[in-house]
Amino acid sequence: MIKVGIAGGAGYTAGELIRILLGHPQAELVWILSGSHAHEPVHKVHRDLLGDTDLVFVEKPDFSAVDVVFFCMGHGKSAAFLEGHSIPDRVKIIDLSHDYRLKAEGNDFVYGLPEMSREAIQEATHVANPGCFATAIQLALLPLADAGLLTEVHIHAITGSTGAGQAPSGTTHFSWRNNNISVYKAFGHQHLQEIGQSLKALMPAFDAAVNFVPLRGDFARGILASVYLDCDLSQEEACRLFDRYYETAVFTSRFEENIDLKQVVNTNKCLLHVAKYDGKLHVTSVIDNLTKGASGQAIHNMNLMFGIAEKTGLYLKPSAF
Ligand SMILES: NC(=O)c1ccc[n+]([C@@H]2O[C@H](COP(=O)([O-])OP(=O)(O)OC[C@H]3O[C@@H](n4cnc5c(N)ncnc54)[C@H](OP(=O)(O)O)[C@@H]3O)[C@@H](O)[C@H]2O)c1
């Protein structure tokens, strides 16, 4: 059994990790650290887990008892946590925050997008899990970047309210968010950096713009990204390119039929649809922001790092209605 610790246990991504890990046949949750809820039963915060676990949030981590730790804390907190704790070299770390996603001097975290870096993740001790928008958007573009076919990219992508974390705010208040839709961080979303880093890694000559307009949707979970660019490939050639690139991917595939969010919510899948309209190639990508966009992908990375079957613990059921 892989012995697991979680830091930042009371938030949304931790809640999702706990749900999946409780059903993972080769993982055992040993401790869940929470600064805000230490000594309280886990089901008091993650209330859907009532009856599923008697675990209590702890105040202090015990690194000698675990093989891997997931960091589920907010921006900047993972780096501060690493500085404040001495974690043995044998303990693997999977960080869900933004802190280690960008390459920099001294950063030994491998960017954890299995569709791009499966072998490097298998060898890694430290993995930086990608952002949710970044996952949906990169999976729509990687085959084109890998083939050197990227041109200026245009993206609209809409996310559910859980993407903003558990803390209530004006833009997650039910009265405002319900039956509503809005644009935010147009052309300036922070995930553009990691998207650009991956695209450049696959296609070093790419220097056109990636234009990204994020939208807030009035649903709790999921991301739909609508991506288009100029492309000389025929529809058949583009579809073949995507199928070839994702031939060995266990969670990401292209489908002929149109796709929608409910096919992936609660699962670790990314579904893609590729269509050609005159000179434009249009790619639709759908994921669940908390599973494929965060905790499911983190467990996929754990499975790779420990050399077990990639889908272990991740046979999850979508909510079709
Ligand atoms: N939400 C997503 O869809 C998503 C997707 C991909 C990546 N991420 C990234 O993953 C990281 C964690 O995101 P998140 O959505 O899990 O954030 P979150 O729900 O806002 O939780 C963040 C932290 O808040 C703390 N917290 C403090 N008071 C709390 C309270 N009253 N109730 C619950 N938690 C409380 C928790 O730590 P303590 O338990 O120690 O207090 C938790 O680690 C972030 O860096 C985020 O950018 C999020």
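Reading guide: rules and limits
- Residues numbered from 1 in each chain as written.
- Predicted model: local features only at pLDDT ≥ 70, side-chain atom pairs only at ≥ 80, totals over all residues.
- Heavy atoms only, no water.
- Core = buried A, V, L, I, M, F, W, Y, C linked by side-chain atoms within 4.5 Å.
- Buried < 20%, exposed > 50% of the residue type's maximum accessible area, 1.4 Å probe, protein only.
- Helix = DSSP H or I, 4+ residues; strand = E, 2+ residues; numbered from the N terminus.
- Salt bridge = Lys/Arg side-chain N within 4 Å of Asp/Glu carboxyl O.
- Pairing = 2+ DSSP bridges.
- UniProt positions renumbered as here; feature names shortened; annotations may be inferred.
- Phe/Tyr/Trp six-rings, centres within 6.5 Å; stacked < 30°, edge-to-face > 60°.
- 1 Å grid on protein atoms, 1.4 Å probe; cavity = no way out; pocket = protein on both sides within 12 Å on 5 of 7 lines; lining within 4 Å.
- Points joined across faces, edges and corners; volume = space filled by probe spheres on them.
- Nonpolar A, V, L, I, M, F, W, Y, C, P; charged D, E, K, R; others polar.
- Domains from an automatic or database assignment.

Asks: How would you sum up the nonpolar core? Please name residues and give values.
Replies: Counting residues in hydrophobic clusters, the biggest one holds 44 residues, and the most contacted among them are Leu 150 and Val 153. Elements with a minimum of two residues in this core: helix 5 (132-146), strand 7 (153-159), helix 7 (191-202), strand 9 (210-216), strand 10 (223-230), helix 8 (235-245), strand 12 (270-277) and strand 13 (280-287). With 31 residues, the next largest nonpolar core counts Ala 14, Leu 17, Ala 124 and Ile 308 among its residues.

Asks: A description of the pattern of salt bridges should follow, citing residues and the corresponding values.
Replies: Pairing between side chains of opposite charge can happen when the charged atoms of each approach one another. Evaluation of the coordinates by the stated rule reveals 12 salt bridges. We note a salt bridge from Glu 16 to Arg 19, for which the minimum N-O separation is 2.6 Å. In this pair, Glu 16 and Arg 19 are both assigned in helix 1 (residues 12-22), three residues apart and thus about one turn of the helix distant. The class of Glu 16 is buried, set by a relative accessible area of 6%.

Asks: Which residues make up the sheet that holds strand 12, and what values go with them?
Replies: In space, the seven strands of this open sheet follow the order 8-9-7-10-13-12-11, with mixed pairing throughout. Two strands lie at the open edges of the sheet, namely strand 8 (182-183) and strand 11 (252-254), each paired on one side alone. As paired elements, strand 8 and strand 9 share two bridges and run antiparallel to each other. When the bridges of strand 9 are listed, Val 183 appears paired with Leu 215.

Asks: Which residues make up the UniProt feature "domain: Semialdehyde dehydrogenase NAD-binding" (unreviewed entry) in the chain, and what values do they have?
Replies: When the UniProt feature table is mapped onto this chain numbering, "domain: Semialdehyde dehydrogenase NAD-binding" (unreviewed entry) sits at residues 3-124. Secondary structure within residues 3-124 divides into 27% helix and 18% strand; the distance between the first and last C-alpha atoms comes to 17 Å.

Asks: Which residues make up the packing of aromatic side chains, and what values go with them?
Replies: Under the definition given, this model contains seven aromatic pairs. Between Phe 63 and Phe 81, the ring centres sit 6.5 Å apart and the planes meet at 75°, which makes this aromatic pair edge-to-face. Of the two residues, Phe 63 is situated in the loop between helix 2 (42-45) and strand 3 (68-71) and Phe 81 in helix 3 (residues 77-84); the sequence distance between them amounts to 18 residues. Between the aromatic rings of Phe 71 and Phe 81, the centroid separation amounts to 5.2 Å while the plane-to-plane angle is 70°, which identifies the pairing as edge-to-face. Remark: Phe 81 occurs in helix 3 and Phe 71 occurs in strand 3; sequence separation between them is 10 residues. Residue classification places Phe 81 among the buried positions, given a relative accessible area of 9%.

Asks: If you had to explain the layout of surface pockets to someone new, which residues and values would you point to?
Replies: Volume-wise, the largest pocket comes out at about 1,200 Å³. Taken together, 48 residues line the largest pocket, and the ones lying closest to its centre are Gly 74, Thr 162, Gly 163, Ala 164 and Gly 165. Where the lining of the largest pocket is concerned, the elements lending two or more residues are helix 1, helix 5 and helix 9 (291-305). Considering only residue class, the lining of the largest pocket consists of 15 nonpolar, 28 polar and five charged. Counting contributing residues, the lining of the largest pocket receives three or more from each of domain 1 (2-129 + 292-305) and domain 2 (132-291). Taken as a whole, the second largest pocket spans an internal volume of roughly 210 Å³. Lining the second largest pocket, in full, are Ala 10, Tyr 12, Glu 16, Arg 19, Val 45, His 46, Arg 47, Asp 48, Thr 162, Arg 221 and Leu 290.

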